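Take a look at the letters that make up each chain.
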Amino acid sequence: MAGKAMAKPKMAYVCNDCGSDYSNWQGQCKDCGAWNTLTEIKLPSSSAAAKEIRFQGYAGAANNQKAQTLDQINLEDLPRIPCGAGEFDRVLGGGLVHGSAILIGGHPGAGKSTLLLQTMCYLAESMPALYVTGEESLQQVAMRARRLGLPTNKLNMLSETSVEAICSQAELLKPKVLVVDSIQVAHTEDVSSAPGSVSQVRECAAYLTRYAKQTGTVLFLVGHVTKDGSLAGPKVLEHMIDCSILLEGSEDSRFRTLRGQKNRFGAVNELGVFAMTEQGLKEVKNPSAIFLSRTSEPASGSLVMVVWEGTRPLLVEIQALVDDSQLGNPRRVAVGLEQNRLAMLLAVLHRHGGLQVGDQDVFVNVVGGVKVLETSADLALLLAIVSSFRDRPLPQDLVVFGEVGLSGEIRPVPSGQERIQEAAKHGFKRAIVPSANVPKGGIAGMEIIGVGKLVEALEAI
C-alpha cells in the first residue's frame, strides 16, 4: 500500500518592522512602507488539535472560558513582588506581577545579565527561581556571581535553548520567577528556521508567554537591540509581552538608565538610574544629584531645567554653544533633544524674541546622557542659547522650565509645583516658570518669576 504523500508545509512572509504577514514575497511592506523587511516563515500545523494546543490560554488560565460581567470581576490589586532594587521596582510600576512577561533590551555590555542575576539571587532567597542561559556557560555566570559577592546557594541555573526543554524543567522546579537569556538564541521544534529568525523569535516568545500566563510565573526575556537602539526581532514581539524595558548607557559613563517603554501594570517612560561598580549595578536614589555636578565657576550657555520622568521630577543641566559659522548652511546639532524641535524654537526666537542666529552654528547637549522627550525643556533651551550667544553667564541658583508655543507664548506644563519644590530641595533660589505654574502661596526661600511671553523671559535674565 503506497504511503500518503507528505503535505507541503505552508509558508508566509512577515515584516520584521510591523509584523504584517503576506502570502507572497514582495519588496515593500504595504502597511509600514519599509523595504526589504519581509522574511519567509513556516506556518505550524493547521490541524484543529494543533491550533487548540498552540493558542489556548494565552491570556490566562486555559479553563477559564466563561464570560463574566464587569461587576463579577475581582478588583483586588495584583500583589507585587519587590525585586530588591527600588529603582527597578519604580520602572516596573511597584514590583513584579505574577504571570507577567517582561522584555529587557540593551546594547551589549549595558548590564542586562548583571541586573537580572542580582535580582534573581535576591528573589531566590524567598522563592524558587530559575535562570536559563543560552549565550553564556554556567561557569561564566557562576564566576560573575562570585565576583559580585552574590548568594549562590538558592538560585537554580540551566543552560538550554529549547523552549520545550525549558518549560519541562520549569514544570518540575515550579519557579515563581523565570529568566531566559536571551530570546534570540531560543528555538522551538515546530519551526525549522534558524534561531534568531522572525518565526523562531515570535513562536518562542509566544510559547514562553503562554506558559507564564497559565502558571502565574514571572517571565524575564532578554532581547538584543539593533544599531539604532531599537529591540531586534519582529515588532509583534513587543505586543506579546506586558512590559518592555530598555537599559541604556554610554561606554564612557558608569551610569545606566533603565527606562520603561511599555507597561501594562504601571506608568510608561518611568526612569531608573543605576551606577556600574565592581559589585554590580547599584541604584542611584537621588538621580538629580549626579546630573547636577556643575563647575564652580558660572559659564555662559549652561542652565538647569526640571523635566518630568514617569512619576518624579528630575533636575538636569542643559548646555548650549553658539558660534560663528564658517559654512553657508549653519549646523544645528542636538544631543539628548529632538533636532527638529531645536530648529522650530530657533525660528520662534527670531520671530518673537528678536534674536537672529541664522548665521551661527548652534550646538545643544543634555548633560549626563539623559534623553529629554517632553516639551518642558523649550524655555530652558532658548535661554541657554541666548546666554551663549550674548556670552553672559546665568546665575548658578536659577532653574527654568516651560513650553514655548509658535506664537511666542509660554505654556504651562504638568506638575509645575512639584518641579519647583524639587528645585528648592536642591538649593535653587530663583525660578523662571510659566505664569500658570506659579504656586499661589509661593515657595519659602525661592524667588519665582512667572512669564507669559518669550520676551518677558528674555528680559528676566
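Residues numbered from 1 in each chain as written. Predicted model: local features only at pLDDT ≥ 70, side-chain atom pairs only at ≥ 80, totals over all residues. Heavy atoms only, no water.

A. Highlighting the sheet that holds strand β8 (residues 156-159). If you trace the nine strands from one edge of the open sheet to the other, you get β8-β7-β9-β10-β6-β11-β12-β13-β14, paired in mixed fashion. Both edges of this open sheet fall to β8 and β14 (280-283), since each of them pairs with a single strand only. With direction set aside, neighbouring strand axes in the sheet form an average angle of 25 degrees. Direction of pairing for strand β7 (residues 129-133) relative to strand β9 (residues 177-181): parallel, over a ladder of five bridges. Across the sheet, residue Val-132 finds its bridge partner in β9, namely Val-180. Where helix α3 (residues 112-123) meets the sheet, it contacts β6 (101-106), β7, β9, β10 (218-223), β11 (243-248), β12 (255-263), β13 (271-277) and β14, and its direction lies at approximately 155 degrees from that of β7. Sheet strands in contact with helix α4 (residues 138-147) are β7 and β8, and its direction is about 145 degrees off that of β8. (Pairing = 2+ DSSP bridges. Helix = DSSP H or I, 4+ residues; strand = E, 2+ residues; numbered from the N terminus. Axes fitted to C-alpha atoms, helices over the stretch in contact; angles between N-to-C directions. Contact = heavy atoms within 4.5 Å.)

B. Focus on the pairing of β8. Two elements, β7 and β8, share four bridges in a ladder whose sense is parallel. By the bridge assignment, Thr-133 is partnered in β8 with Ser-159. Taken together, β7, α4 and β8 form a β-α-β motif whose crossover is right-handed. (Right-handed = clockwise from strand over helix to strand, strands pointing away.)

C. Up close: the environment of Ile-385. Topologically, Ile-385 is positioned in helix α10 (residues 378-390). Put simply, Ile-385 and Val-364 are 21 residues apart on the chain and 8.1 Å apart in space, counted from C-alpha to C-alpha. Not counting residues within four places of it along the chain, the set of residues in contact with Ile-385 comprises Ala-320, Val-322, Leu-342, Leu-346, Leu-349, Val-362 and Val-364.

D. Looking closely at the packing of helix α5 (residues 163-173) against helix α6 (residues 198-215). At their nearest, the axes of α5 and α6 sit 10 Å apart, and the two run at 10 degrees to each other. By the angle between their directions, the pair α5 and α6 is classed as roughly parallel. Note on packing geometry: the crossing formed by α5 with α6 is right-handed. Contact residues: Val-163, Glu-164, Ile-166, Cys-167, Ala-170 and Glu-171 in α5; Cys-204, Tyr-207, Leu-208 and Tyr-211 in α6. Across the contact of α5 with α6, the residue classes break down as eight nonpolar, no polar and two charged. (Parallel < 35°, antiparallel > 145°, perpendicular 65-115°, else oblique. Left-handed = near helix turned anticlockwise from the far one by under 90°. Nonpolar A, V, L, I, M, F, W, Y, C, P; charged D, E, K, R; others polar.)

E. Region of interest: the packing of aromatic side chains. In total, this model carries one aromatic pair according to the counting rule given. Between Phe-88 and Phe-220, the aromatic rings sit 6.2 Å apart at their centres with planes inclined by 40 degrees, giving tilted as the arrangement. Of this pair, Phe-88 sits in helix α2 (residues 86-92) while Phe-220 sits in strand β10, and the two are 132 residues apart along the sequence. Among the residues examined, Phe-88 registers a relative accessible area of 0% and is labelled buried. Here the basic side chain of Arg-210 rests over the ring of Tyr-207, its NZ or CZ set 5.4 Å away from the ring centre. The ring of Phe-401 is capped by Arg-419, whose NZ or CZ atom sits 5.7 Å from the centre of that ring. (Phe/Tyr/Trp six-rings, centres within 6.5 Å; stacked < 30°, edge-to-face > 60°. Buried < 20%, exposed > 50% of the residue type's maximum accessible area, 1.4 Å probe, protein only. Lys NZ or Arg CZ within 6 Å of the ring centre and 35° of its normal.)

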